[in-house]
Amino acid sequence: MDAWYSDHHQAHDAQSELLGGQLTASHETPLRAERVLDAFLEAGVGLVHTPPDAGLAPILAVHDADYIDFLRGAWDAWRAIERKHPALPTVWHAGLGPPAERPRHIEGQLGYYAMDAASAIVAGTWTAAYWSAQCAIAAASSLMQGAEGGSAAFAICRPPGHHATARAMGGYCYLNNAAIAAQHLRALGQPRVAVLDIDYHHGNGTQSIFWQRDDVFFASLHADPHDDYPYFSGHARERGEGDGLGATLNLPLPPGTQAPEYLAALEQALDAIEAAGCTATVVSLGVDTFERDPISRFKLREGDYAQIGVRLKRLPRPVLFVFEGGYATGEVGTNAVGVLRGYEAGIE
Ligand code: Q9C
Ligand code: ZN
């Protein structure tokens, strides 16, 4: 399979996040994507392409126009009041009272369009997020053209996307690359698309985007939200609403989860996707399930990632892998590419 990668991700180096009461160095760094690219090339999985510019339309098919305007202009508005530090939200509506009106001041807007203080905006954030989404869009398009490497593709997206909702950033995410890709596959003619999210954290953004729809089936394996971020979604009882009732499947797992329990839950997700009759799949590929990930509490080992990949051979094709989390910079590349290698070697 081929991969899509853009150097523009380097423009986004958030520097800091608010973690454990401290402004600390951000775990989401440019090095992560470089490690994944290097591992992909080194393993000889396929060719790497630079995405063409497909414009804003596929992004606006998922995200609200006012949120996109905010993302594009946030840095300039922030720079007018603060020159040294990245823009981080510090105040939230928190669901109090009727829906809040969009504030005029950038400080209020940051809270209006964010779910946490882990996702800083710097000068290059919009550019990086835009090209991250373009990687996902280009990889999805290539699968529909049946060109360039066949029925699977890999979008080396950075910043990641699965926490971003239609109108909010969070969890290091600004644009929901996986949701944009799934929606793009729909627009290009796929009747029903599965999104399988195997990042350690619940894909709350992706879930919310497709919550009331049955044309995109969302299944996620993640840390139980009683114990870990994003805390407010990802419980097993969340199954979708309206037309989407039954088209969401959450499989929360406890801290300390190892491969046997993880792979058993994965089989459950694959059964559900099979039963849903999907014609294409987007995999939100996070490898922060790794035993030495600095912000996570699952215990998967290096060799387990190929085992995951082998099992993913059951997914409806074409399959688009979209890179999400994974913060152990020493192993993030080999772990992510381990899934792809297992997939390519997998027996049907
Ligand atoms: N105690 C992704 O993996 N902070 N985002 C967590 C943990 C936010 C992770 C705090 C983590 C976001 C794409
Ligand atoms: Zn994650």
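Notes on the structure follow. Note that the structure is predicted; figures quoted are calculated from it, not measured.

Analysis parameters
- Residues numbered from 1 in each chain as written.
- Chains lettered and ligands numbered in written order.
- Predicted model: local features only at pLDDT ≥ 70, side-chain atom pairs only at ≥ 80, totals over all residues.
- Heavy atoms only, no water.
- Buried < 20%, exposed > 50% of the residue type's maximum accessible area, 1.4 Å probe, protein only.
- Helix = DSSP H or I, 4+ residues; strand = E, 2+ residues; numbered from the N terminus.
- Pairing = 2+ DSSP bridges.
- Polar contact = N/O pair within 3.5 Å; in protein donor to acceptor, adjacent residues only side chain to side chain.
- Contact = heavy atoms within 4.5 Å.
- Axes fitted to C-alpha atoms, helices over the stretch in contact; angles between N-to-C directions.
- Near = heavy atom within 4 Å.
- Areas by Shrake-Rupley, 256 points an atom, 1.4 Å probe, with all protein chains shown as cover.
- Nonpolar A, V, L, I, M, F, W, Y, C, P; charged D, E, K, R; others polar.
- Phe/Tyr/Trp six-rings, centres within 6.5 Å; stacked < 30°, edge-to-face > 60°.
- Lys NZ or Arg CZ within 6 Å of the ring centre and 35° of its normal.

**Overview of the pairing of strand β9 (residues 280-285)**
Within β9, 6 of the 6 residues are buried, leaving the element largely enclosed by the surrounding structure. Across the two faces of β9 the burial is the same, with A280, V282 and S284 and T281, V283 and L285 all buried. Note that β9 and strand β10 (residues 319-323) share 5 bridges and pair parallel. Across the sheet, the residue bridging to L285 is F323, located in β10.

**Structural notes on the side chain of T289**
Here T289 lies in the loop between β9 and α9 (304-311). For T289, a relative accessible area of 1% corresponds to the buried category. Engagement of the side chain of T289 in a polar contact is seen with the side chain of Y305, the distance being 2.7 Å.

**Things to note about the sheet that holds strand β4 (residues 48-49)**
If you trace the 8 strands from one edge of the open sheet to the other, you get β4-β1-β5-β10-β9-β6-β7-β8, paired in parallel fashion. Of all strands in the sheet, those bounded by a partner on one side alone are β4 and β8 (248-253). As defined by bridge partners, strand β1 (residues 2-4) adjoins strand β5 (residues 152-155) across 3 bridges and the pair is classed as parallel. When the bridges of β5 are listed, W4 appears paired with A155. Here helix α5 (residues 125-145) sits on the sheet and contacts β1, β5 and β10; the angle it forms with β5, its principal contact strand, is near 170°.

**Some remarks on the site of ligand 1**
Around ligand 1, the structure places 13 residues, and the nearest of them are H163, G171, H201, D288 and Y327. Take D288: an N or O atom from its side chain is 3.0 Å from an oxygen atom of ligand 1. Between ligand 1 and the protein, one listed contact pairs an oxygen atom with a side-chain N or O atom of Y327 at 2.6 Å. Contact with the protein chains removes 86% of the 410 Å² of surface that ligand 1 exposes when unbound. Residues that form the shell around ligand 1 fall into these classes: 6 nonpolar, 5 polar and 2 charged.

**Considerations on the environment of Q145**
Along the chain, Q145 turns up in helix α5. On the basis of relative accessibility, which here comes to 60%, the residue Q145 falls in the exposed class. A sequence separation of 43 residues divides Q145 from L188, and the C-alpha atoms of the two residues are 9.7 Å apart.

**A few points about the packing of aromatic side chains**
Summed over the entire model, instances satisfying the criterion amount to 12 aromatic pairs. Ring centres of Y200 and F298 lie 4.7 Å apart, and the angle between their planes is 75°; this geometry places the pair in the edge-to-face category. On the criterion of sequence distance, the pair formed by Y200 in the loop between β6 (193-197) and α7 (204-210) and F298 in the loop between β9 and α9 is long-range, its members being 98 residues apart. Each member of the pair, Y200 as well as F298, is classed as buried. Here R167 stacks its cationic end above the ring of Y112, 4.7 Å away from the centre of that ring. Here the basic side chain of K313 rests over the ring of Y343, its NZ or CZ set 4.2 Å away from the ring centre.

Keep in mind these numbers describe shape, not what the thing actually does.
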